[in-house]
Amino acid sequence: MRATEGQQGQQREIQLELRTMAHAALVGFPNVGKSSLLRAISKARPAVAAYPFTTLNPHVGIVEYRDHTQVAVADIPGLIPGAHLNRGLGLSFLRHIERCRVLLYVLDMSSPEPWEQFQQLCFELDQYRPLFSQRPHAIVANKMDLPESRANLEALRERISQTVIPVSALTRGNTGELILHLREMYDSYPQAETLP
Ligand SMILES: Nc1nc2c(ncn2[C@@H]2O[C@H](COP(=O)(O)OP(=O)(O)OP(=O)(O)O)[C@@H](O)[C@H]2O)c(=O)[nH]1
Ligand SMILES: [Mg+2]
């Protein structure tokens, strides 16, 4: 048997970053009902509780359609103002959102002036990455079962031109419309290279 002399080996230190991949991301402040919504539209069972930061890691749920198409939706931990400066671990959550081509902005409609949540979320995304907030998106107006939400919905629609889908994750009211709209967005799914 003959052996040839080997070469010097190589050593490398590699840092890998795990980012959640899904078609759509649920983007919102803490406690607005993102996890409740994922439970309502998929079989995923993320924890739900009446305090902020219940979700600390992203969860992915699959929305299944009759033609067997499967759309993956990620429940991302809540963002807070200053997320793009890593407040509340915001940078790691924004990185997960970056992998999703469709954004579902979830607003708590029972809170005063919910359109401000939307503007603040867009601000955080755009500070993180220019034009990020303009990816294909819809606004999910959650907690519509609460009495104060109705007047806020009208006021929200007067202020913004985007598609608004009013739902209640708690009662599952109108989640069917959300599921249908998600499919429309998925069917016109943008190519990764065309995304802001
Ligand atoms: N009335 C009402 N309450 C809701 C609705 N959706 C969620 N909630 C309640 O709001 C609270 C927060 O819900 P979660 O689903 O944990 O909210 P989240 O956005 O995932 O919160 P974080 O994980 O902390 O970011 C819980 O007490 C839910 O029961 C809704 O449609 N109507
Ligand atoms: Mg949650």
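Everything below is about the structure shown above.
Residues numbered from 1 in each chain as written. Chains lettered and ligands numbered in written order. Predicted model: local features only at pLDDT ≥ 70, side-chain atom pairs only at ≥ 80, totals over all residues. Heavy atoms only, no water.

Draft legend 1. Local environment of the site of ligand 1. The environment of ligand 1 is formed by 23 residues, the closest being Lys 34, Ser 36, Phe 53, Thr 55 and Asp 145. Between Leu 170 and ligand 1, the recorded distance is 3.2 Å, taken from a backbone N or O atom to an oxygen atom. Protein coverage of the free-state accessible area of ligand 1, which is 650 Å², stands at 91%. Sorting elements by how many residues they give to the shell around ligand 1 places helix H1 (residues 34-41) first, with three residues. Looking at the shell around ligand 1 residue by residue, the classes come out as 11 nonpolar, nine polar and three charged. (Near = heavy atom within 4 Å. Polar contact = N/O pair within 3.5 Å; in protein donor to acceptor, adjacent residues only side chain to side chain. Areas by Shrake-Rupley, 256 points an atom, 1.4 Å probe, with all protein chains shown as cover. Helix = DSSP H or I, 4+ residues; strand = E, 2+ residues; numbered from the N terminus. Nonpolar A, V, L, I, M, F, W, Y, C, P; charged D, E, K, R; others polar.)

Draft legend 2. Geometry of the sheet that holds strand E3 (residues 70-75). The six strands lie next to each other as E2-E3-E1-E4-E5-E6, forming an open sheet whose pairing is mixed. Edge positions in the open sheet fall to strand E2 (59-64) and strand E6 (164-166), since each of these has one partner strand only. Recorded for the sheet is a direction-independent mean angle of 25 degrees between the axes of neighbouring strands. Relative to strand E4 (residues 102-108), strand E1 (residues 24-27) runs parallel, the two being bridged by four bridges. From the neighbouring strand, Leu 26 faces E4, where its bridge partner is Leu 104. Along the sheet face, helix H3 (residues 114-128) touches E1, E4 and strand E5 (137-142) and points at about 140 degrees away from the line of E4. (Pairing = 2+ DSSP bridges. Axes fitted to C-alpha atoms, helices over the stretch in contact; angles between N-to-C directions. Contact = heavy atoms within 4.5 Å.)

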